[in-house]
Amino acid sequence: MTTNWQINANKDKEMFITRALQKILNDREIKKSYNIQVRKACESALDDIKNESQKVSNELLQQELSSALPQPKGESVMTIDAEKYFLPFELSCQSKSPKIVITALDCIQKLIAYGHLTGNRVDPNNTDKLLIDSIVETICGCFHGPNTDDGVQLQIIKALLTTVTSQSCQVHEGSILLAVRTCYNIYLGSKNLINQKTADATLTQMLNVIFSRMEAQSTERQLNGCKEMDNYNGVDTGSDDMLSLDIIIENIVKDMIDKIVMMEENNSSDGIDVSMMGTRIPSSESIDTTDSSAISNDTIHLSFTHVLQKDAFLVFRSLCKLSMKPLPDGYPDPKSHELRSKLLSLKLIFTILQNSGPVFQSSDMFAVAIKQYLCVALSKNGVSNIPEVFKLSLSIFLELLQKFKVNLKVQIEIFFKEIFLNILETVTSPYEHKKLVIEALTRICADAQIVVDIYVNYDCDLNSENIFRRLVNDLSKIAQGRGQMLDAGIITATDERNMRIKGLECLVSILKCMVEWSKDIYINPNQLVNFGHEKTDSNNIKEDNMTGDDSIDDNTYNSLKAMGRTSSVTSKGPLELDSPQQYEEVKHQKDIIEHGISLFNMKPKRGIAYLQEHNVIDGSAESVAHLFHNNEMLDKTQVGEFLGDIDSFNREVMYAYVDQMDFSGRDIVGALRSFLEGFRLPGEAQKIDRLMEKFASRYCETNINGLFSSADTAYVLAYSIIMLTTDLHSPQVKNKMTKSQYIKMNRGINDSKDLPEEYLSQIYDEIAGSEIKMKGNNNTRRKLGRELTSEKTRRLLYNVEMEAMAATAKALMESVSHVESQFTCAKHLEHVRPMFRIAWTPFLAAFSVGLQDCDDSEIACLCLDGIRCAIRIASIFQMTLERDAYVQALSRFTLLTATSSPSEMKSKNIDTIKTLIAVAHTDGNYLGKSWLEILRCISQLELAQLIGTGVKPQFLNPINGTNANTYHSFVFPLKLETISTFAADSLSMSRTKDREQKSYDSIVETSSQSVVVAVDRIFTGSIRLDGDAIVDFVKALCQVSSEELCHPSHPRMFSLQKLVEISYYNMGRIRLQWSRIWEILGQHFNKVGSNPNEEIAFFAIDSLRQLSMKFIEKGEFAKFRFQKDFLRPFEHIMKSSSSLAIRDMVVRCIAQMVNSQASKIRSGWKNIFSVFRMAASDSDESIIDLAFQTTCKIINNIYDNNFISLIDSFQDAIKCLSDFACNPNFPDTSMEAIRLIRTCARYVAEQPQLFCDYSMDDQNMGSLTSEKDRVWVRGWFPILFELSCIVSTCKLDVRTRALTVMFEITKSHGISFCEHWWQDLFQIIFRIFDNMKLPEQHNEKSEWMTTTCNHALYSVIDVFTQYFDILSPILLNEVYSQLLWCVRQQNEQLARSGTNCLENLVISCGMKYRDETWIKTSECILEMFESTLPQELLDWKPNDMKYSLTKNKTNVAIDENDSNNSTKYLFSRLKIQCIVQLELVQTIDNIVFFPATSRKEDAELLADIEADVKQSKESISKGINRQSEQQQEEEQGMYSMILSNVLIRLSQCLIQSHRFAKTFNQSHEQRNILWRAGFHGNAKPNLLNQEVKSLCCSLRILFRLFSDETRQECWPIVDQKIMSVCFGAIEYYMSLEAESHKETWTPLMLLILCKLHKLSDDKFRSHTSAYYRLFCDLVCCDLKPQLRSALKRVFMRIGSVFAINNNNNKV
């Protein structure tokens, strides 16, 4: 079979060659003389073929007969060698006969196609090159230009395509360039359209093969794991490390190559045979071509890994150079070679870039070619006025941006800054150009990676333009229309609409890229995947749209995916760490610099100060000068003005600026040009002079050996050059300066010598040919063209601008062609935040204008889509300001809360409503405070739905009386009413009806099922909001509810109902979240439950009850307070509402909770008792009864069963009972409440351990130091305190009962009280006496003092007496202080009670007093005496108010202007003090001798005297005396317990009281004054009782001490005091004249005489000796019988003691 196949193959080869040669010979043109060589060559070839064919056939036949085995591999049989017969075809191709040429080319093409002709051997005619190179040259040589036969052209194309794409031919370097060039020329030169298209297609296919082979070769090397060695022409084919691998795997490689060869032989001609493309010897022609046109000086240093890579590079570079060729001026003919060549080259370049693989994209050499050639070409073609060129340039740029951005950072910036954005910003640029640019930008904006990369690499680079910000601003202006960047005078409405749509599409694409970029940090509560754009039906909202599952347009999405994939392979190496924080810092610094430059351009000094303040530059002049040199954004005019200013710092900056320039090696014109490039010369001559002077100095410094003798020469010459420039190039100068005039003008400037004329002539010629242009503000964008109306003028102006634009871009491209700049591929999600922060305002402006000004549905849809994306971004990154702005804009365009009429509502507004709902549904977790705007719209939407369902608006809201400022959210329903009013008017015009019907239809659409369901899903979906979002949602809903309810006439409860609903939906949330929610809800229920509208309040209270029951059913653990929180609104409502119905409702709700859920209530008991407390003060009987009955049930039943759960609220329960007791309208309830308080005391007494174990955390109590103290603080103290409150506030019967219960509890349970508890208790008890501070005119004060105060005082003494041992060390001082306070009060009854209580206390407990206690007691008594001594009686005068003003120590208010009232008050106080003095005298007497002792003693003495007067028997008298003495011994009171010094102090105090009374009684004139003033009624005032009783008491004490044998240590003092007192008393008595006064003193005299009579003989002798004269004088007085008898007894005792009479007469 192998032999047959070989025979057949040989026959086919022979047939191809033979037929072709015969066909050439049969042509009649062959006989012509110029074809003689062709004919001979053909004939000779035929003969050779015939002979060789016969030999081959015989040999094959012989081999077939001799052996059935196939030939070994590598031992091929003899075959016809087609390459030996190439000469006839080569000569035929050179023939002038088209048919011969066509035949020859056809044969060559077939031989190559079938692999019979490979040309891989050396050309026998030229050993410096391969035969294939000659074959290519032969084929290409058949084309002689446009006149070449069409058939020949077509055959050339076919032959070249076959040659280049053949697997068996190795066409490389110059040959492949020649093949491409020939097809290229055929395309340009052919007049046949078919040939042109064929050549075009052939070029495309050739390029695909060339570059595909390069990619495949690299892939194969990677698959084999090694690199082949390519020694061709010194090409570097791999590293030395890989050479050793060839030896190891040589056999494996050969086997793999053989398999690939076998596989490729069965493939089509388009396949690639890499194995046959080994090393080759280049031909001389190939080398020449390479040297001359292939490899230029700037790429010799490049190294290629394979010849295939070199082929691709050469072809690519050639096409780039072709695209760089300039076009003729004006608009070239579309059929011109120049234009067609440029279009073809650009198209082929685009094809190469579009189909480029990883090798091409990652190769440094291609990157260099792109920078040096392609980018420079695009800088010119990118501003071409030919749409086709411009479009192709844009397409190529997109491919570069997509695949080569890593290597083209600076070039991309130039394209954007100098070309694309300039075209958008130039008003005169044609619509077609702008459309193409914006279409390109649409593709760019669809790739998230590119968009973010643009921001990161340019806006965050200090040395780059803010491309992203500028791009967004331009797109925003285009999207807004309004002639901002589109001249409405030359653009149609359709074109403007299209541009606006394109601009909006770009903006939306950018936002979607941001959304896509940050999707990983977006949490969708509904677990959605995609977010994009989906158009919605105007009458229906799709489910997907409501859930936010928008999808990006298919083409856009596919493009985005494709570009995203390709951008990932452009990485050239390891990139820097993508740090958002670092980029933000750079961006912040850049913003500071830009702001400083902006300030500088307006006010230079201000800008410099700002930059110095922010440390951009320092304070040195060198730093400012460096800024001027390196920042192109500075206004050149302002720089010039700053440098030329005379200020010292400005001059320093100017000097530093010039010194930083290097003019060495330059002529003065070049130096001057360089000098003036950085600024514009100021207009003031002095400023120019300073600048030129410094320039000349610096120029001479850097050119020491120059032509000028001094700097003056350079200065003058520089000035003259500037003058020459102005003269030659200023249109205002008519007579131009000639060269001779210029030379003459500069004579003698070089130190009085002339500069060479040739030198000056050169300067003149240079300036005449090229003026020195001074730069102005390079930041001013050209906006000319609006005022031009001529299209021709506009076009001309645009061409001029484009030429300048192209020149600038080309210069920049050439300058950066060798610049390597690091390009960062962004990866971090946080980049979106600063991107959106700088772009959100242009976005918002574009979308707002689009929604506001245009009714186009497509524009509206794009705007809504953009706003939705913007909200998503702002929400994700918690950009509150931006998010709120977009949500507010969206809500404003719904017209639900706007001030415009709803008759203007259109389909776009309905779509806005749907979008707003979709935002709420998908972005609820991020909306924060923006929920307020959304919920306001939903609230108004509910009104619109009611209108749509037929409800009349007048039943929803009033027509008048709505304040738009206060109730702004309720404007909409009023406007809705106008719709139905118009609709009802049958006389309206038809157009009005149609408009109203459309508006009404829009309103009806809001009530569609889809909208209703979508709104409901917002509320039902609240369960999926996170903890913070649900709080914001509830807060906003509460505010909207408040706005609904505050309507003056027709409040609504829509939001209130929704609040209740979402509370049920979210019942399953954790307590931590619910606490935050209820903090807001509770406040709202507080407000709503107190609403004056009872219907609203009832709904709120009932809802609150239901929610509370739900929460209570869940139960609550100890120490938690959530029940307390959610029951607190009941308290607030009860407190703030004045409606009986509402209060009754609250009480009933609480009662129901207690009756049904008492076992689960924990912390809520506090709120329950608080509500009942407020109910307790009500006047309504039903409220009181229900609240009290429930309270009774709690105390009587629940306490028994579950007291431990109510311990925390025990104090509240006591307060509640106290309030019930204090209600004066229900005395029976008050008594029962006091009984319940006593019952509560039983629980405390029986279960004190519960209070000890249960720790409390009440804020008012703080942390307790002891567990035992908890019993007091939480148990006993509240009970006793509230009872004291009841005593202080209630009527007599109630407070008496409360006082009784309080002291009963104290007496019963006081044994368990700690010392500090007693202190707290007595503070409570002493509060009862605070009522004494009430005004004197208080009606109940007298009753209070008579009953409660006395009761309390005596009860206090009883308690103190009962627990004296415990209380005395800690509270005796306080009790004495309280008694002292009572005695000082200006109330007789209270003062008497104070002294009586003191007396009772001392008498009851005196036996337990210690010495220090008696001292305290005496001090208390002495202070009582001193504080109640009525000193004003001695010196009071009429109209003297000093005492009433200065000595008033009570809380009673005195009218200083009313002297009568003051006098009355003073007299009343003095009377009380006099009474208190008497009471204190009696108190001392009662304490020392017991109350009845002194009276009995006086009675006995008087009886004894009277008996003596009646001459009674001595025996009887003595018996009586002995009995009296015995009784005194038994009833001597506290005398024996009191210290002697204390008794002496008390006696001295009594003596002082006596002396005061005596003094007053002797002041007859003062008494008369007081009497006349009305003191003491009609009788003349006196203090006789005080005068006598105080002295009597004092004498009793002294005489008792003097007769006490146990107290002899004090006898000397007592003796002296007795003698002094008695002497003075007897003497005073004798001086008395008034009988009444004497009569009063009679008991005192009897006491003195009797006490003296009873003294022992020695003491009697001593005292009577002192009084004897007085006794004698006393006898002469008119005495009463009793006194005479007593005196007689004294004299008789004197006689006995002094032995004057006999013993028989002793007394």
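A quick note: this is a predicted structure, and the numbers were derived from the prediction, not measured. Residue positions are given per chain, counting from 1 as you read along its sequence in written order. Selection of residues for local features in this predicted model requires a pLDDT of at least 70, selection of side-chain atom pairs for listing and counting requires 80 or more, and totals for whole chains, interfaces and linings are taken over all residues. For side-chain calculations, the full set of non-hydrogen atoms in the structure is used, while hydrogens and water are omitted.

Strands are runs of DSSP state E lasting at least 2 residues, helices are runs of H or I lasting at least 4, and numbering of each runs from the N terminus. Looking only at helices and strands, one finds 72 helices and two strands in the protein chain. Only protein chains enter the accessibility calculation, which uses a 1.4 Å probe. A residue is then buried if its area is under 20% of the maximum for its type, exposed if over 50%, and partly exposed in between. For the protein chain, buried positions account for 55% of its 1707 residues. In what follows, a contact means two residues having at least one pair of non-hydrogen atoms within 4.5 Å. Excluding contacts between residues fewer than 6 apart, the proportion of contacts in the protein chain whose partners are at least 24 apart in sequence is 74%. Here, Shrake-Rupley sampling with a 1.4 Å probe gives the accessible areas, and only protein chains in the shown set may cover a residue. Summed over its atoms, the accessible surface of the protein chain is roughly 75,200 Å², and 50% of this surface lies on carbon and sulfur atoms.

What follows is about the confidence of the model for the protein chain. Confidence in the prediction of the protein chain, expressed as mean pLDDT, is 76, and 76% of residues score 70 or more. The predictor attaches a confidence to each residue, and that confidence, scored 0 to 100, is pLDDT. Below a pLDDT of 50 lies the segment residues 1441–1457, which in the model reaches 23 contacts outside its immediate sequence neighbourhood of four places, other chains included.

With that settled, the discussion passes to the pattern of salt bridges. Put simply, a salt bridge is a Lys or Arg side-chain nitrogen that is within 4 Å of an Asp or Glu carboxyl oxygen. One pass over the structure, following the stated rule, counts 56 salt bridges. Salt-bridge contacts for glutamate 516 lead to lysine 519; the nearest nitrogen and oxygen are separated by 2.8 Å. On the accessibility criterion, glutamate 516 (29% relative accessible area) is partly exposed. The shortest N-O distance in the salt bridge between aspartate 884 and arginine 883 comes to 3.1 Å. Comparing aspartate 884 with arginine 883 shows no difference in burial state: the two are buried. Linked through salt bridges whose partners overlap, the residues forming this network are Glu425, Glu465 and Arg470.

Let us look at the packing of aromatic side chains. Stacked, edge-to-face and tilted are the three classes for Phe, Tyr and Trp ring pairs, Trp counted by its six-membered ring, which pair at centre distances within 6.5 Å; planes under 30 degrees apart are stacked, over 60 edge-to-face, the rest tilted. This structure, assessed with the given rule, holds 63 aromatic pairs. Ring centres of phenylalanine 1277 and phenylalanine 1281 lie 5.8 Å apart, and the angle between their planes is 15 degrees; on these two criteria the pair is classed as stacked. Here phenylalanine 1277 pairs with phenylalanine 1281, and both are found in helix H54 (residues 1267–1289), just four residues apart, close to one helical turn. Residue phenylalanine 1281 is classed as partly exposed on the basis of its relative accessible area, which comes to 25%. Over a ring means this: the NZ of a Lys or the CZ of an Arg is within 6 Å of the ring centre and within 35 degrees of the ring normal. Between lysine 1471 and the ring centre of phenylalanine 1575, over which it is positioned, the NZ or CZ distance is 6.0 Å. Cation over ring: arginine 1607 sits above tyrosine 1535, and NZ or CZ is 4.4 Å from the ring centre.

With that settled, the discussion passes to helix H52 (residues 1227–1246). Take the number of residues in a helix, subtract one, and multiply by 1.5 Å to get its expected span. Over its 20 residues, H52 runs 29 Å from end to end, which matches the ideal 28 Å to within 8%, given 1.5 Å per residue. Within H52 the residues assigned to the buried category are Thr1229, Ser1230, Ala1233, Ile1234, Leu1236, Ile1237, Thr1239, Cys1240, Ala1241, Tyr1243 and Val1244. In this structure, the buried side of H52 is in contact with helix H50 (1181–1202), helix H51 (1210–1221), helix H53 (1248–1253), H54 and helix H55 (1292–1309).

A few words on a negative patch on the surface. A cluster of acidic residues, Asp618, Glu622, Asp647 and Glu652, forms a negative patch on the protein surface. With respect to the secondary-structure elements, aspartate 647 resides in the loop between helix H27 (636–644) and helix H28 (648–659). Taking relative accessible area as the criterion, aspartate 647 reaches 31% and is therefore assigned partly exposed. Residues enter patches when they are more than 30% accessible in relative terms and free of salt bridges; like-charged ones are connected within 9 Å and nonpolar ones (Val, Leu, Ile, Met, Phe, Trp, Tyr) within 5 Å. Positive residues here are Lys and Arg, negative ones are Asp and Glu, while His and the chain termini are left out of the count. In plain terms, the charge of a residue is placed at NZ if it is Lys, CZ if Arg, CG if Asp and CD if Glu.

Let's shift gears to the side chain of serine 509. Looking at the secondary structure, you find serine 509 in helix H21 (residues 493–517). With near-sequence residues (within four places) excluded, serine 509 lies in contact with Cys445 and Ala446.

Next up on the list: the nonpolar core. Of all hydrophobic cores here, the largest spans 416 residues; its most connected members are Phe316, Phe468, Phe836, Phe843 and Tyr1199. In contact with phenylalanine 843, other than residues within four places in its own chain, are Val472, Leu507, Ile510, Leu511, Met514, Phe836 and Tyr886. In plain words, nonpolar cores are sets of buried Ala, Val, Leu, Ile, Met, Phe, Trp, Tyr and Cys residues tied together by side-chain atoms within 4.5 Å. Core analysis: the next-biggest nonpolar cluster, separate from the first, contains 59 residues, Leu691, Met692, Leu755 and Leu760 among them.

Here we come to the environment of serine 429. Structurally, serine 429 is set in the loop between helix H17 (409–425) and helix H18 (431–445). Note: C-alpha distance between serine 429 and asparagine 385 (44 residues apart in sequence) is 9.4 Å.

The next subject is the packing of helix H5 (residues 131–141) against helix H7 (residues 173–189). Lines fitted to the C-alpha atoms define the axes, with helices restricted to the stretch that makes contact. Angles between their N-to-C directions range from 0 to 180 degrees. Closest axis-to-axis distance for the H5/H7 pair is 9 Å, and the angle between their directions is 15 degrees. By the angle between their directions, the pair H5 and H7 is classed as roughly parallel. Here H5 runs over H7; the crossing is left-handed. Between H5 and H7, the contacting residues are Asp133, Val136, Glu137 and Cys140 on the first element and Ser175, Leu178, Ala179 and Thr182 on the second. Residues are sorted three ways: Asp, Glu, Lys and Arg are charged, Ala, Val, Leu, Ile, Met, Phe, Trp, Tyr, Cys and Pro are nonpolar, and all the rest, Gly among them, are polar. Of the residues that constitute the contact of H5 with H7, the class distribution is four nonpolar, two polar and two charged. Roughly parallel covers angles under 35 degrees, roughly antiparallel covers those over 145, roughly perpendicular covers 65 to 115, and oblique covers all other angles. Each crossing gets its hand from how the near helix is turned against the far one by less than a right angle, where anticlockwise is left-handed and clockwise is right-handed.

A word on the packing of helix H44 (residues 1054–1065) against helix H46 (residues 1094–1114). Packed helices, taken two at a time, are described by the angle between their axes plus the distance between the axes. One can describe the packing of H44 onto H46 by two numbers: an axis separation of 11 Å at closest approach and a directional angle of 5 degrees. The angle between H44 and H46 falls in the class roughly parallel. In this structure, H44 uses Leu1056, Gln1057, Val1060, Ser1063 and Tyr1064 to contact H46, whose residues at the interface are Ile1096, Phe1099, Ser1103, Gln1106, Leu1107 and Lys1110. The residue inventory of the contact of H44 with H46, partitioned by class, reads six nonpolar, four polar and one charged.

Across its 15 residues, helix H47 (residues 1122–1136) extends 22 Å between first and last C-alpha, which sits within 8% of the 21 Å expected from 1.5 Å per residue. Listing the buried residues of H47 in full gives Phe1122, Gln1123, Phe1126, Leu1127, Pro1129, Phe1130, Glu1131, Ile1133 and Met1134. Where the residues of H47 are buried, they touch helix H45 (1071–1089), H46, helix H48 (1140–1157), helix H49 (1164–1176) and H50.

We now examine unusual backbone geometry. Both trends apply: most residues other than glycine have a negative phi, and most peptide bonds are in trans. The phi dihedral of serine 752 is positive, around 70 degrees, even though this residue is not glycine. As for its placement among the helices and strands, serine 752 is situated in the loop between helix H32 (739–745) and helix H33 (757–769). By relative accessible area, serine 752 is classed as exposed at 68%. Non-glycine residue glutamine 878 carries a positive phi angle of around 55 degrees. Along the chain, glutamine 878 turns up in the loop between helix H36 (857–876) and helix H37 (880–892). Judged by relative accessible area, glutamine 878 falls into the exposed class, the value being 66%.

Its place among the elements puts threonine 103 in helix H4 (residues 98–113). Separated by 82 residues in the primary sequence, threonine 103 and leucine 21 place their C-alpha atoms 8.5 Å from one another.

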